[in-house]
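Summary of the model geometry
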Amino acid sequence: MKINKDGVKFESNVDAVMYSMTELSRAALRDTAKFLRKRMVEKLRNLQGMRKSKRPYSSTQYWVRKRETDLQIGFKHNTWYGAFQELGDRGQPKRDILRGTVMENLDEIQRIQAQYLSALNQEKPDIPSEEEYLSPQGEE
């Protein structure tokens, strides 16, 4: 936005900066989600009977919400008893796959987030496009 007042030109870049901040935050969340999902699938594949199964890939999912600019990661609803295996139940022992994966990789998550948020200091940061992150079911 440009404003001329008494021969002085004011130029506001607030909209561009807000857009850059939002998109860099979303890109950081997407990379974090991809990393966590990959680690979760590795743990799920080590469970008995899951070595050659495609179930670990199809049962985990992440959502990076645009309006709220937040991340949700977890097991799909009623998929392979994901919640029961995470928290434990009468028929399932507590496996703590999601929470354990996050707690084990806190340093890597912070590094991924810092990599994107440090780009806010640049004059014109390179914002990855959303198409780079769209992937079919399966490995990422």
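Being a predicted model, the structure only gives us computed values, none of them experimental.

Quick notes on the rules
The written sequence of each chain sets the order in which its residues are numbered from 1. Whole-chain, interface and lining totals are the exception, using all residues; otherwise, since this is a predicted model, local features are given only for residues with pLDDT of at least 70 and side-chain atom pairs are given and counted only at 80 or more. For side-chain calculations, the full set of non-hydrogen atoms in the structure is used, while hydrogens and water are omitted. In this text, helices come from DSSP runs of H or I with a minimum length of four residues, and strands from runs of E with a minimum of two, each type numbered from the N-terminal end. Residue burial is assigned from relative accessible area. The probe radius is 1.4 Å, only protein chains are included, and a residue is buried under 20% of its type maximum, exposed over 50%, and partly exposed in between. In this analysis, strands are considered paired if DSSP registers two or more bridges between them. To count toward a patch, a residue needs a relative accessible area over 30% and no salt bridge; like charges are then connected within 9 Å, while nonpolar side chains (Val, Leu, Ile, Met, Phe, Trp, Tyr) are connected within 5 Å. The protein chains shown are the only cover counted for residues, whose accessible areas, like all others here, come from Shrake-Rupley with a 1.4 Å probe. What counts as a salt bridge is simple: a side-chain nitrogen of Lys or Arg found within 4 Å of a carboxyl oxygen of Asp or Glu.

1. Comments concerning the environment of Arg37
Along the chain, the position of Arg37 falls in helix α1 (residues 14-45). The buried category is assigned to Arg37, whose relative accessible area is 6%. It is 7.6 Å that separates the C-alpha atoms of Arg37 and Tyr62, two residues lying 25 residues apart in sequence.

2. Regarding the pairing of strand β3 (residues 60-65)
Because side chains alternate across β3, one face comprises the buried residues Thr60, Tyr62 and Val64, and the other comprises Gln61, Trp63 and Arg65, none of which is buried. Of the pairings in the sheet, the one linking β3 to strand β4 (residues 70-75) comprises 6 bridges and is antiparallel in character. Residue pairing in the sheet places Trp63 in a bridge with Gln72 of β4. The antiparallel hairpin formed by β3 and β4 contains 4 residues in its connecting segment, where Thr69 sits at a positive phi of about 50°.

3. Some words on a nonpolar patch on the surface
A surface patch of nonpolar side chains, amounting to about 500 Å² of accessible area, comprises Val14, Val17, Met18, Met21, Leu117 and Leu120. Counting residues per element, the nonpolar patch draws most heavily on α1, which supplies 4 residues. Mapped onto the elements, Val14 comes out in helix α1.

4. With respect to the pattern of salt bridges
Opposite charge on two side chains makes pairing possible when the charged atoms of those side chains draw close. This model, assessed by the stated rule, comprises 7 salt bridges. Residues Arg26 and Glu23 are paired through a salt bridge, measuring 3.3 Å at the closest nitrogen-oxygen approach. Taken together, the positions of Arg26 and Glu23, both in helix α1 and 3 residues apart, correspond to about one turn of that helix. In this pair, the class of Arg26 matches that of Glu23, namely buried. We note a salt bridge from Asp70 to Arg65, for which the minimum N-O separation is 2.8 Å. Note on Asp70: relative accessible area 23%, which makes it partly exposed. Here the residues in one salt-bridge network are Arg65, Glu68 and Asp70, joined through shared partners.

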